[in-house]
Amino acid sequence: MLFETGKPDVETDLKTCFYIFYKDLSMLIITRITLTLLFLLFPLSAAFSEELLVGAASDLLFVFSEMGKTFESETGNRIIFTFGSTGMLAEQIRQGAPYDIFAAADDRYIMGLKNQNLLKNDSIRNYAGGRLVIAYNKNVKPVTTLRDLLVKDIKSIAIANPDHAPYGIAAKEFLIRAGLWDKIKSKLILGENVRQALQFIQTGNADAGIIALSIAKVPEVNYITISEELHPPINQTMAILKDTSKQKVAKEFIDFVCSKKGKAMLEEYGYKTK
Amino acid sequence: MNHTDLFPLYLTLKVSIIATLFSFFVGLLMAWILAKKDFFLKNFIDAIVMQPLIIPPTVLGYYLLVVLGRNGPIGRFLENVFGVTVVFTWKGAVIAAVVASIPLFIKPARASIESVDINIENAARLLGKSEFKVFTSVTLPLAKRGIIAGTAMAFARSMGDFGTTLMVAGNIPQKTQTISIAIYDAVQANNIPLANTLVLIITAFSISVLFWVNKFTKGKY
């Protein structure tokens, strides 16, 4: 029976057929997967001429995003921002983060890095002065004076972490000078940076807060500006990192920020420029 | 959603695929040694390897940053000898993902290698097979389920890592911003639509990975 000829073995034929089919199919799938992997491993190269990495204090989120777009369309270079607290960014730079430019909200951090020989000394520029505001969520009773922060309705007050965020340091100093720090301390919620402090107020998770004027113009929030004499000066300073290979484009961006056009944009967001 | 918004997804896939490959080969060797060999301080080494499951991710990230940073011993060596910087690049994210996920591979892989009947392995040895051949043709196929489960778990863990990656690779858009860091960033910036989209994508991924693991290891449905 085993060697019987003439009668086609349908079952074997079908098996062979399926075997070839599956073999082809699996080859096809393997090729597809390999191609996809290759595609993933070698990231798409952008059409921009140079790519600039900027570590920027988070109070700059709105103004720098807008400036970045203008700079990109004017120069054809690409600009990528990492927003975070100045203290955190400075620490990352110490550990070797590959930023080309560091835009700090506080010149003391720039001086610290300068002393460690991590910055290009002649590139250090003071580009703006920051302002503080008392911001509150639109759903709470309007805050019109500083004393209003003490009322029971204001259960939580957001500021940036004064350990490493300049706007947090300024807010703390302001509250100490006003004699309110001890009374308000238990209501404080600390944001990782001033942008997060704003987010707490935007979402209503904090009723009020003390944040940067430059980010306070959002639909969910009302604010009153704090007079300049009442808080320590916020000297926003930027510099090019020593290790960058993109000195030229980096300098172009700093010049752009300090240009007439750049200053006009900064002023529009509430910064003081000289 | 545009190309830039989807970058974190590409990066996360790239990082977790490479990390899983590392975890697989290194982890398989370690699982085999831990399962088959007895040596001095074995339990201590086992405890060290399992640490990433227990210590906080930020602590793990801090250890890596200290060792791999430009002032750390390994970081300085890599920079001086090969000119490679690991911290704040996607390579740093891969290392963070490997360290965080390798215990999840080793644990089930070791258990299933240990459960392979030694008599079957001895039979292969009796037939003159080398130790390597015994491992690849007897132990590995019999321990298949645990190894597949471990691989999938390690992959899922690599995709979701946050704390360790943030410490070692930072949060640089278009460079080191993986999906979980992009979600954190989007929430901080009050970009709720982007946060929601990314959260849905990663949730769907995680559920399907575990679903496939269960299918492979437990049964038809």
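These numbers come from a predicted model, not from an experiment.

Cut-off values and rules
- Residues numbered from 1 in each chain as written.
- Chains lettered and ligands numbered in written order.
- Predicted model: local features only at pLDDT ≥ 70, side-chain atom pairs only at ≥ 80, totals over all residues.
- Domains from an automatic or database assignment.
- Contact = placed C-beta atoms within 7 Å.
- Helix = DSSP H or I, 4+ residues; strand = E, 2+ residues; numbered from the N terminus.
- Nonpolar A, V, L, I, M, F, W, Y, C, P; charged D, E, K, R; others polar.
- Pairing = 2+ DSSP bridges.
- Axes fitted to C-alpha atoms, helices over the stretch in contact; angles between N-to-C directions.
- Buried ≥ 20, exposed ≤ 12 C-beta atoms within 10 Å, placed from the backbone.
- Parallel < 35°, antiparallel > 145°, perpendicular 65-115°, else oblique.
- Left-handed = near helix turned anticlockwise from the far one by under 90°.

Asks: Requested: an account of the domain arrangement of chain A, with residues and values cited.
Replies: All names here are of chain A. What the domain assignment lists for chain A is domain 1 (49-129 + 234-268) and domain 2 (132-230). The gap between the C-alpha centroids of domain 1 and domain 2 is 26 Å. Across the boundary between the two partners, domain 1 contributes 15 residues, which contact 15 residues of domain 2. For the side of domain 1 that touches domain 2, the elements supplying multiple residues, two or more each, are α2 (61-75), β2 (78-84) and α3 (86-94).

Asks: Go over the interface of chain B and chain A, please, and point to the residues and values.
Replies: Many structure descriptions define interface size as the accessible area lost when the parts assemble. Between chain B and chain A, the residue contacts involve 18 residues of the former and 17 residues of the latter. The residue makeup of the side of chain B that touches chain A, split by class, is nine nonpolar, seven polar and two charged.

Asks: Kindly report on the sheet that holds strand β8 (residues 208-212) of chain A, identifying the contributing residues and their values.
Replies: Residues and elements named next belong to chain A. With mixed pairing, the five strands of this open sheet are ordered in space as β7-β6-β8-β5-β9. Every interior strand has two partners, whereas the edge strands, β7 (188-191) and β9 (221-225), have only one. Shown here is a sheet whose adjacent strand axes are inclined to one another by a mean of 30°, direction ignored. Where strand β6 (residues 157-160) lies against β8, two bridges are found, and the strand directions are parallel. Residue pairing in the sheet places I157 in a bridge with A208 of β8. Packing against the sheet, helix α5 (residues 166-177) makes contact with β5 (132-137), β6 and β8, and its axis sits at approximately 125° to β6. Each of β5, β6, β7, β8 and β9 touches helix α7 (residues 194-202); the most contacted strand, β8, lies at about 145° to it.

Asks: An account of the pairing of β8(A) is needed here, citing residue identities and associated values.
Replies: Residues and elements named next belong to chain A. The buried count for β8 comes to five of five residues, which makes it a mostly enclosed element. Looking at chain direction, β5 and β8 are connected through five bridges and run antiparallel. Considered in β8, the bridge of Y136 is made with A208.

Asks: Lay out the packing of α2(A) against helix α9 (residues 260-268) of chain A with the relevant residues and their values.
Replies: All names here are of chain A. Where α2 contacts α9, the axes come no closer than 10 Å and their chain directions differ by 150°. Accordingly, the angle class assigned to the pair α2 and α9 is roughly antiparallel. For the crossing formed where α2 meets α9, the hand is right-handed. Contacts between α2 and α9 involve V63, E66 and M67 from the first element and G262, M265 and L266 from the second. Looking at side-chain class alone, the contact of α2 with α9 contains four nonpolar, one polar and one charged residues.

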